[in-house]
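A look at the structure
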Amino acid sequence: MSVAGLKKQFYKASQMVSEKVGAAEGTKMDDDFKDLERRADLRSKAVVEVLNKTTEYLQPDPATRAKLAMLVTVSRIRGQVTSPGYSQPEARLGDSMTKYGSDLGEESVFGKSLIDIGDSMKKVAEVKNSLDIDVKQNFIDPLHIVAEKEIKEIQQQQKKLENRRLDYDYKKKRQGKIPDEEIKLALDKFEESKGQAEMAMHNLLETDEEQMSQLSALVNSLVQYHKECLGIMEKLSATMSIRMSELHSHPKREYTPKPRSSVDYGEPENSNGGLSSSAARTTVSSHAPAPPIQKPSIKSRPQEPRCRALYDFEPENEGELGFRDGDIITLTGRLDENWLEGKLHGKEGYFPTNYVEVIVPLPH
């Protein structure tokens, strides 16, 4: 770094210390700039938060979200992508239903119904694939560009403006010791950065038309998704009505137990002169030593319910339990199918089930 650069860093550091420690006042921004900065900051937070929550809505599972983030939408435009590269939960459910429905066979109405529902769930999974790809292409990617370019540009300009303000304030307070030309140059650079920061914030706030178009694309994708799912489910509902009629038309089969087979021990005269079978059993049982009483070993004692963390979990609400990947958490209860309760490092709280792998399940 040059001597001039070192001096500039020294000026900024000295002014910052004076303001924070010595309560010195720096140059104040006008009210218009502060209002513009407030609105731009609010828009930036909205874009980033909506971007994150939309991705979480499409795929609640963190591992699948990572795959969704890596989806190359350019290939989609060229017609090279028909699947996002991961399986939907609807598809996994459909595969399970069709497998066991086939195993149960055509004779079982329950088995045929499983196949019907499984096929429908796999169709829903295909529709969900299209939703993920469309929303990624038409909503998430454009918002990501705003976050990566326009919002970062504002942050860089604000940082540059603050550095030049510190440099100008340091030189202004030492007027007489520092040449007037140098102070005027610092002021010009400060005003230049202020104008660039205002332009960057203004450009972000004037993107309503583009962002409204992206929001409309999101809504249209959701409408199309729900319409197609409704059509699939309506057809499935009609099929299930047919299956119910088919079930009611079949007469119930009554269970008839088979007769028990009797055991013939033979007549006493056919014995070999010893004790009869019943006597022998009585004699043996009366002299047989009592079985030893076994104390339960440590291995046979019930293990404490616990699970292993698959990902880091940062609590966002009161009562949630945070943990790191690999932590072993003691399970204390279950709120519902999506939330477990547990304790770790002396803290107790609840956490999502898809963030952990259960090692020893809770007792039923």
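Scroll up to find the structure.
Everything in this summary refers to the structure shown in the same document. (Residues numbered from 1 in each chain as written. Predicted model: local features only at pLDDT ≥ 70, side-chain atom pairs only at ≥ 80, totals over all residues. Heavy atoms only, no water.)

Topic: the packing of aromatic side chains
Defined as follows: The pairing test for Phe, Tyr and Trp rings, Trp by its six-membered ring, is centres within 6.5 Å, and the orientation test on the planes gives stacked under 30 degrees, edge-to-face over 60, and tilted for anything in between. By the criteria applied, helices consist of DSSP H or I runs no shorter than four residues and strands consist of E runs no shorter than two, each listed in order from the N terminus. Throughout, exposure labels follow a simple rule: accessible area from a 1.4 Å probe, protein chains only, divided by the maximum for the residue type, with under 20% read as buried, over 50% as exposed, and the rest as partly exposed.
Under the criterion given, the structure shown has six aromatic pairs. Note on Y168 and F190: the rings are 6.0 Å apart at their centroids and 10° apart in plane angle, and the pair reads as stacked. Linking Y168 in helix α6 (residues 109-172) with F190 in helix α7 (residues 180-205), this pair joins segments that are 22 residues apart in sequence. Overall, Y168 belongs to the buried group, its relative accessible area being 11%. For F190, a relative accessible area of 3% puts it in the buried group. Measuring from centroid to centroid gives 5.3 Å for F313 and Y355, while their planes differ by 65°, and the two rings are edge-to-face. Of this pair, F313 sits in the loop between β1 (306-309) and β2 (328-336) while Y355 sits in the loop between β4 (347-352) and β5 (356-360), placing them 42 residues apart in sequence. A single burial state applies to F313 and to Y355, both of which are buried.

Remarks on helix α8 (residues 208-249)
Heads up, the rule is: To estimate how far a helix should reach, multiply one less than its number of residues by 1.5 Å. In this analysis, two residues are considered to be in contact whenever any of their non-hydrogen atoms come within 4.5 Å of each other.
Over its 42 residues, α8 runs 61 Å from end to end, which matches the ideal 62 Å to within 8%, given 1.5 Å per residue. Taken together, the buried positions of α8 are Q211, Q214, L218, S221, Y225, C229, I232, L236, R243 and E246. Buried residues along α8 sit in contact with α2 (31-58), α5 (89-104) and α6.

Description of the sheet that holds β5
How we decide: Only strands that DSSP links by at least two bridges are regarded as paired with each other. Axis geometry follows a simple rule: fit a line to the C-alpha atoms, using only the stretch in contact for helices, then measure angles between N-to-C directions, giving values from 0 to 180 degrees.
In spatial order, the strands read β4-β3-β2-β1-β5; together these five strands make up an open sheet with antiparallel pairing. Every interior strand has two partners, whereas the edge strands, β4 and β5, have only one. Each neighbouring strand pair of the sheet contributes to a mean axis angle of 40°, computed without reference to strand direction. Strand direction decides the pairing type here: β1 and β5, joined by four bridges, are antiparallel. Across the sheet, residue A309 finds its bridge partner in β5, namely V356.

Focus: the nonpolar core
Which entries qualify depends on this criterion: Here, the term nonpolar core denotes a set of buried Ala, Val, Leu, Ile, Met, Phe, Trp, Tyr and Cys residues that are joined through side-chain atoms within 4.5 Å.
Residues F33, V135, F139, I140, I151, L161 and M201 are the most contacted members of the largest nonpolar core, which totals 35 residues. Ranked by the residues each element gives to this core, the list is headed by α6, at 14 residues. Contact partners of F139, with chain neighbours within four places excluded, come to V50, T54, D134, Q214, L215 and L218. Counting 12 residues, the second largest nonpolar core, distinct from the first, contains L321, F323, L340 and F351.

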